[in-house]
Amino acid sequence: MLNQFPQLVILYDDLEVVHSVKERAEYLHSVAADDLSQVLIVNKQAQYFTLANTLSEPLSSAQLATRVTNYLLNEGHCCLSKITSLTPQQAFALLEID
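I will try to describe carefully the structure that is included in this document. None of these values were measured; they are calculated from a predicted model.

**With respect to the overall build of the protein chain**
Across its full length, the protein chain carries four helices and four strands. Each helix (α) and strand (β) of the protein chain, taken in turn from the N terminus, gives the series β-β-α-α-β-β-α-α. In terms of overall size, the protein chain behaves like a compact globule, its C-alpha atoms giving a radius of gyration of 13 Å where 98 residues would be expected to give roughly 13 Å. Seen through its principal axes, the protein chain has C-alpha atoms that stretch 35 × 25 × 25 Å. Among the 98 residues that make up the protein chain, the fraction classed as buried is 37%. Contacts spanning at least 24 positions in sequence make up 48% of the contacts within the protein chain whose residues lie at least 6 apart. Averaged over its 5 positive side-chain charges, the protein chain has a centre that lies 6 Å from the centre of its 11 negative ones.

Rendered as structure tokens:
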């Protein structure tokens, strides 16, 4: 599960899209060891898991929507206010991830 890409890497309120182990490592390189236990990874099969490769409790559709829309806003997209809930599949589609 941990090495199925692409992935959404979620740490607190931040989200990053990664396509490889290297990209994930680069994103997490400056994260404190204590915070690594808070990392959630979502794959295209809608599985949520930890960096320890154990299944995790999924975010609610509203929580996922908030993180995805914040990511898109930071990327310069607009008109996202109507998105209030997303499934993982919808999130990947919205982020245009193959």
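From this point on, the discussion continues.
**Considerations on the side chain of Thr 69**
One can find Thr 69 in helix α3 (residues 61-74). Residue class for Thr 69 comes out buried when judged on its relative accessible area of 10%. Polar contacts involving the side chain of Thr 69 include one to the main-chain carbonyl oxygen of Ala 65, which spans 2.8 Å. Discounting chain neighbours no more than four positions away, the residues touching Thr 69 are Leu 80 and Ile 83.

**What about α3?**
For α3, spanning 14 residues, the distance from its first C-alpha to its last is 20 Å, which sits close to the expected 20 Å at 1.5 Å a residue. Considered for burial, the residues of α3 that qualify are Leu 64, Ala 65, Arg 67, Val 68, Thr 69, Tyr 71 and Leu 72. Where α3 is buried, its residues contact β1 (7-11), β2 (14-18), β4 (48-49) and α4 (88-94). Just beyond α3, the residue with positive phi is Gly 76, at close to 100 degrees.

**Quick notes on the sheet that holds β1**
Sheet architecture is open: four strands sit in the order β2-β1-β3-β4, paired in antiparallel fashion. Each edge of the open sheet is held by one strand with a lone partner, namely β2 and β4. Note that β1 and strand β3 (residues 40-43) share four bridges and pair antiparallel. Note on β3: the bridge partner recorded for Gln 7 is Asn 43. Relative to the sheet, helix α1 (residues 21-28) contacts β1, β2 and β3, its axis offset from that of β2 by approximately 155 degrees. Its contacts with the sheet put α3 on β1, β2 and β4, and the angle it makes with β2 is roughly 70 degrees.

**What about unusual backbone geometry?**
Cis geometry marks the peptide bond from Phe 5 to Pro 6; its omega dihedral reads 5 degrees. Relative to the assigned elements, Pro 6 resides in the segment before β1. The backbone of Tyr 12 shows a phi angle near 55 degrees, a positive value even though the residue is not glycine. Topologically, Tyr 12 is positioned in the loop between β1 and β2. Looking at Tyr 12, the relative accessible area reads 44%, which means it is partly exposed. The backbone of Ala 46 sits at a positive phi, close to 65 degrees, despite the residue not being glycine. When you line up the elements, Ala 46 lands in the loop between β3 and β4. For Ala 46, a relative accessible area of 27% translates into the label partly exposed.

Conventions we followed
- Residues numbered from 1 in each chain as written.
- Predicted model: local features only at pLDDT ≥ 70, side-chain atom pairs only at ≥ 80, totals over all residues.
- Heavy atoms only, no water.
- Helix = DSSP H or I, 4+ residues; strand = E, 2+ residues; numbered from the N terminus.
- Rg over C-alpha atoms; globule rule 2.2 N^0.38 Å.
- Buried < 20%, exposed > 50% of the residue type's maximum accessible area, 1.4 Å probe, protein only.
- Contact = heavy atoms within 4.5 Å.
- Lys, Arg positive; Asp, Glu negative; His and termini not counted.
- Charge placed at Lys NZ, Arg CZ, Asp CG, Glu CD.
- Polar contact = N/O pair within 3.5 Å; in protein donor to acceptor, adjacent residues only side chain to side chain.
- Expected span 1.5 Å × (residues − 1).
- Pairing = 2+ DSSP bridges.
- Axes fitted to C-alpha atoms, helices over the stretch in contact; angles between N-to-C directions.

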